[in-house]
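Examination of the molecular architecture
Spelled out, the chains give:
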Amino acid sequence: MSIFIKREDELHPFISGNKYRKLKYNLEEAAKQKKSTLLTFGGAYSNHIAATSAAGFEHNFKTIGVIRGDELANNLETVLQENPTLKFASAHNMQFHFVSRSDYRNKTTSEFIDKLKEKFGDFYLVPEGGTNEFAVKGCEEILIEEDNQYNVICSAVGTGGTISGIINTTKKHQKVIGFPALKGDFLQHEIKKYVLRNDNWSLNTDYHFGGYAKVSEELITFINKFKEETKIPLDPVYTGKMMFGIIDLIKKNYFKKGTKILAIHTGGLQGIDGMNLVLKKKNLSRIKK
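Just so you know, these numbers come straight off a predicted model, no measurement behind them. (Residues numbered from 1 in each chain as written. Predicted model: local features only at pLDDT ≥ 70, side-chain atom pairs only at ≥ 80, totals over all residues. Heavy atoms only, no water.)

**Section: the sheet that holds strand 2 (residues 37-42)**
The strand order across the open sheet formed by four strands is 4-3-2-5, and the pairing between neighbours is parallel. The sheet is open, and its two borders are formed by strand 4 (94-99) and strand 5 (124-125), each paired with just one other strand. Pairing analysis gives six bridges linking strand 2 to strand 3 (residues 62-68), with the strands arranged parallel. By the bridge assignment, T40 is partnered in strand 3 with G65. (Pairing = 2+ DSSP bridges. Helix = DSSP H or I, 4+ residues; strand = E, 2+ residues; numbered from the N terminus.)

**Looking at the pattern of salt bridges**
A pair can form between side chains of opposite charge whenever their charged atoms are brought close. For the structure on display, the rule yields 13 salt bridges. Measuring nitrogen to oxygen at the nearest pair gives 3.2 Å for the salt bridge that ties E128 to K107. With E128 in the loop between strand 5 and helix 7 (133-139) and K107 in the loop between helix 5 (101-104) and helix 6 (110-120), this pair connects stretches of sequence that are 21 residues apart. Connected through salt bridges with shared partners, the residues R7, D9 and E10 form a single ionic network. (Salt bridge = Lys/Arg side-chain N within 4 Å of Asp/Glu carboxyl O.)

**Some details on the side chain of D235**
Here D235 shows up in the loop between helix 10 (217-230) and helix 11 (239-251). Although buried, D235 forms no salt bridge, and the nearest oppositely charged side chain, K241, lies 8.2 Å from it. There is a polar contact of 2.9 Å between the side chain of D235 and the backbone nitrogen of Y238. (Buried < 20%, exposed > 50% of the residue type's maximum accessible area, 1.4 Å probe, protein only. Lys, Arg positive; Asp, Glu negative; His and termini not counted. Polar contact = N/O pair within 3.5 Å; in protein donor to acceptor, adjacent residues only side chain to side chain.)

**Remarks on the environment of I232**
Structurally, I232 is set in the loop between helix 10 and helix 11. Sequence separation of I232 and I5 is 227 residues, and the distance between their C-alpha atoms is 9.3 Å. Once you skip the residues sitting within four places of it in the chain, I232 turns out to touch I5, R7, F226, K227 and H265. (Contact = heavy atoms within 4.5 Å.)

**Structural notes on the pairing of strand 7 (residues 175-180)**
Within strand 7, five of the six residues are buried, which leaves it mostly tucked inside the rest of the structure. With six bridges connecting them, strand 6 (residues 152-157) and strand 7 associate as parallel partners. Of the residues in strand 7, the one forming a bridge with S155 is G178. Taking the sense of rotation as the criterion, the β-α-β connection linking strand 6, helix 8 (residues 161-169) and strand 7 turns out right-handed. Where strand 7 and strand 8 (residues 201-203) come together, three bridges link them in parallel fashion. Paired with I177 across the two strands is S202, which belongs to strand 8. After leaving strand 7, the chain enters helix 9 (residues 186-192) and then returns to the sheet as strand 8, a path that is right-handed. (Right-handed = clockwise from strand over helix to strand, strands pointing away.)

Read these as layout, nothing more, since geometry by itself doesn't imply function.
Spelled out as structure tokens, the structure:
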């Protein structure tokens, strides 16, 4: 039994991991459509918001972030001082549009998008989390020929784009296991929209730790110990949960003897600072960077 980690988090200092892959062909398409502005969605600590702001800055696009939580707009100066993600995005010239949580739930409706066009004019829309056909195309480049040696490929799952690209490029002898960071079974449907095959993948929903961005003392301890022992940092929302799941399954003899596992490190490390602020308020241990 052996585990290898593919360090996608080291692709770029700011447009890290799967965000680099997801944005690559979206940026190309935006340029092809002669769009000068990227508009996307996310929460206040979103990896996607941070990455999109950096990508826009680097490739000369204006960027607009539609941010969940209109209360943040009331004290924006303080928010930008205290929130590392929004501070970073603002430093990379992203313009923010804060909306209520109820309005945010309607972000994919034509009415909502039309109002954004009235307010901001023409833009290239990148979905929340970045997942669309162009994102999946980019994620199909994660695995390369030398990765054919592995029997099992593991990935954290948020919106389903990354794992869809991975599934599409696996070989017949390989199995893919996704570790969702969210509760619920809706991801099966989302992934099936993009995958070319349905027989070599599964989702293990036992390691979400209560849902998106939910953590426990056990998970924090695991992440810190893993960093100490391997020198590899994990984030608490995605990769930490995935690695916890893989190691727990190994302990439970889930994998056949001799299995070679490849875990995809999808980045997301920028979110650690924001998570540590939340953990501090809850009087929980902090994640070591």
